[in-house]
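# A structural walkthrough
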Amino acid sequence: MGVTEKEVKVSEKHVWVGVEGQHVYLGLTNYIQKELGTVISIELPEVGDKIEEGEVFAELESVATVHELESPVSGTVLSVNSDLESRPSIINEDPYNEGWLVEVRLTDLSEIDTLMDMDEYYHFVFPDPS
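Quick look at the structure, then. Model, not experiment: these values are computed from the prediction.

How each quantity is defined
Residues numbered from 1 in each chain as written. Predicted model: local features only at pLDDT ≥ 70, side-chain atom pairs only at ≥ 80, totals over all residues. Heavy atoms only, no water. Pairing = 2+ DSSP bridges. Helix = DSSP H or I, 4+ residues; strand = E, 2+ residues; numbered from the N terminus. Buried < 20%, exposed > 50% of the residue type's maximum accessible area, 1.4 Å probe, protein only. Arc of directions from axis to C-beta. Contact = heavy atoms within 4.5 Å. Polar contact = N/O pair within 3.5 Å; in protein donor to acceptor, adjacent residues only side chain to side chain. Salt bridge = Lys/Arg side-chain N within 4 Å of Asp/Glu carboxyl O. Phe/Tyr/Trp six-rings, centres within 6.5 Å; stacked < 30°, edge-to-face > 60°.

## Let's talk about the sheet that holds strand E1 (residues 8-10)
Read from one edge of the open sheet, 7 strands run E5-E8-E9-E3-E2-E1-E10, paired in antiparallel fashion. In the strand order of this sheet, the two ends are held by strand E5 (50-51) and strand E10 (116-117), each with one partner. Note that strand E2 (residues 15-20) and strand E3 (residues 23-28) share 6 bridges and pair antiparallel. Paired with Val 17 across the two strands is Leu 26, which belongs to E3.

The following block contains the structure:
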């Protein structure tokens, strides 16, 4: 799984969505992984689980904190990144490619329209000082 900025939408909760039709991949943005510090463990949903927009779908533990991740979309989990079990720090090393979290089949494609593109997200995270 690899994403480019053109294919990525982002939630205000710092979860990116890589869109591939009705299937999407979820991951953490580069900004939030830096803020949280080195990831030491992550609890992901199981394949077949339903996740809901705005609800917690995963819990991440870093050297600094425990952080609950809210899903920006609703759907069914198709796969999870099993590499994260043994190497959760992949999230820090490569958050937009090897560090993806789950693949989801969307329930409602229109939920994607409510998310920011990368440029909007940049301005959300780093607002103009004026």
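## Focus: the pairing of strand E6 (residues 56-62)
Strand direction decides the pairing type here: strand E4 (residues 39-43) and E6, joined by 4 bridges, are antiparallel. By the bridge assignment for E6, Glu 43 is matched with Glu 59. Two elements, E6 and strand E7 (residues 66-70), share 5 bridges in a ladder whose sense is antiparallel. Looking at the pairing, Val 56 lines up with Glu 70 of E7. The antiparallel hairpin formed by E6 and E7 contains 3 residues in its connecting segment.

## Examining helix H4 (residues 118-125)
When H4 is considered as a whole, its buried residues turn out to be Met 118, Tyr 121 and Val 125. Looking straight down H4, one finds that the buried residues subtend no more than 55° of arc, so they occupy a single side. Packing partners of the buried residues in H4 comprise E1, helix H1 (30-36) and E10. Capping the start of H4, Asp 117 holds a side-chain oxygen 3.1 Å from the backbone nitrogen of Asp 119, two or three residues further along.

## A few points about the pattern of salt bridges
Under the counting rule described, the total for this entry stands at 2 salt bridges. Between Glu 70 and Lys 13 there is a salt bridge, and its shortest N-O distance comes to 4.0 Å. Taken together, the positions of Glu 70 in strand E7 and Lys 13 in the loop between E1 and E2 put the pair 57 residues apart, joining distant regions of the chain. A relative accessible area of 46% places Lys 13 in the partly exposed class. Salt-bridge contacts for Arg 87 lead to Glu 93; the nearest nitrogen and oxygen are separated by 2.7 Å.

## Overview of the packing of aromatic side chains
Here the structure, examined in full by the defined rule, presents 5 aromatic pairs. Their ring planes at 90° and their centres at 5.3 Å tell us that Tyr 25 and Trp 100 sit as a pair that is edge-to-face. Placement of Tyr 25 in strand E3 and of Trp 100 in the loop between helix H3 (90-93) and strand E9 (102-106) is noted, with a sequence separation of 75 residues between them. Considering the side-chain rings of Tyr 122 and Phe 126, the 5.0 Å spacing of their centres and the 50° angle between planes classify their relative orientation as tilted.

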